[in-house]
Amino acid sequence: NFYEAYLQLALEQRRQKKESDAIRSLEQASTIKPSGIRPLCLLGEMYWEAQKFESVVEALLKAQKTGKMTARDHYYLGSAYYRLDKYDPAEEQLLAAINQGNDTDPDPFLQLHNVFMKKREAGRALAVLEDYLKLFPNDRNHAAMAERGKQLRQALKLPPPLD
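Everything quoted here is computed from the prediction, not taken from an experiment.

S.K.: Would you take a moment to explain the environment of Gln28 for this structure?
M.R.: In this structure, Gln28 sits in helix α2 (residues 19-32). By relative accessible area, which is 34% here, Gln28 ends up partly exposed. C-alpha separation for the pair Gln28 and Leu7, spaced 21 residues apart in sequence, amounts to 8.6 Å.

Structure, rendered in structure tokens:
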């Protein structure tokens with residue numbers, strides 16, 4: 001099965017840090033079996049790492065049509081839209097990542113906060129930031145985000161949150 005062979009080859013190439021070879025193998029696998037979601041999702045992640053945001057969107061939109069994406073796939077798609085200044089679809093995908101992710105990944109919360117800030121929706125940005133602060137007290141960004149939340153509350157003339 002050539003599809004499976006290209007998929008396994010891509011995984012090995014990625015393990016060996018041969019990203020461009022892995023991308024080519026995944027592209028070949030997805031050409032052989034267009035309904036295969038795994039190579040498309042892996043492509044989305046690898047394109048994200050390579051900062052090829054248009055390609056992330058293209059691959060993950062195909063994946064979305066062929067099967068169920070993971071919370072992390074929605075995060076990559078939403079983040080790619082954010083980087084492309086497409087804030088409404090970014091919001092949609094990041095909300096899907098949060099809703100599907102069972103509050104285990106802080107990244108979609110922080111990226112959604114950024115989307116709301118770009119959309120000049122400070123109230124919504126603060127709400128998602130406060131959710132993040134409650135859910136991820138040990139995250140490496142917690143202190144900086146707590147300070148950002150404090151500044152945002154001051155800008156909105158809101159009292160400090162109740163503990």
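Next comes the rest of the write-up.
S.K.: Help me understand the packing of aromatic side chains in this model?
M.R.: For any pair of aromatic rings, the description rests on two quantities: the centre-to-centre distance and the angle between the ring planes. Across all of its chains, the model carries 7 aromatic pairs by this definition. Between Trp48 and Phe53, the ring centres sit 5.0 Å apart and the planes meet at 55 degrees, which makes this aromatic pair tilted. Of note, Arg72 hangs over the ring of Tyr76, and the distance from its end group to the ring centre comes to 5.1 Å.

S.K.: Where do I start with the pattern of salt bridges in this structure?
M.R.: Proximity of charged atoms lets side chains of opposite charge pair with each other. Scanning all chains against the criterion turns up 13 salt bridges. Among the ionic pairs, Asp21 bridges to Arg24, the shortest N-O distance being 2.3 Å. Highlighted residues: Asp21 and Arg24, both in helix α2, separated by 3 residues, approximately one helical turn. The partly exposed category is assigned to Asp21, whose relative accessible area is 27%. With a closest N to O distance of 3.1 Å, Asp107 and Arg72 form a salt bridge. Of this pair, Asp107 sits in helix α7 (residues 107-118) while Arg72 sits in helix α5 (residues 71-83); the two residues are 35 residues apart in sequence, bridging distant segments of the chain. Residue Asp107 is classed as partly exposed on the basis of its relative accessible area, which comes to 25%. We classify Arg72 as partly exposed; its relative accessible area is 30%. Salt bridges here are not isolated pairs; linked through shared partners, they connect Asp88, Glu91, Lys119, Glu121 and Arg124.

Cut-offs and rules
- Residues numbered from 1 in each chain as written.
- Predicted model: local features only at pLDDT ≥ 70, side-chain atom pairs only at ≥ 80, totals over all residues.
- Heavy atoms only, no water.
- Helix = DSSP H or I, 4+ residues; strand = E, 2+ residues; numbered from the N terminus.
- Buried < 20%, exposed > 50% of the residue type's maximum accessible area, 1.4 Å probe, protein only.
- Phe/Tyr/Trp six-rings, centres within 6.5 Å; stacked < 30°, edge-to-face > 60°.
- Lys NZ or Arg CZ within 6 Å of the ring centre and 35° of its normal.
- Salt bridge = Lys/Arg side-chain N within 4 Å of Asp/Glu carboxyl O.

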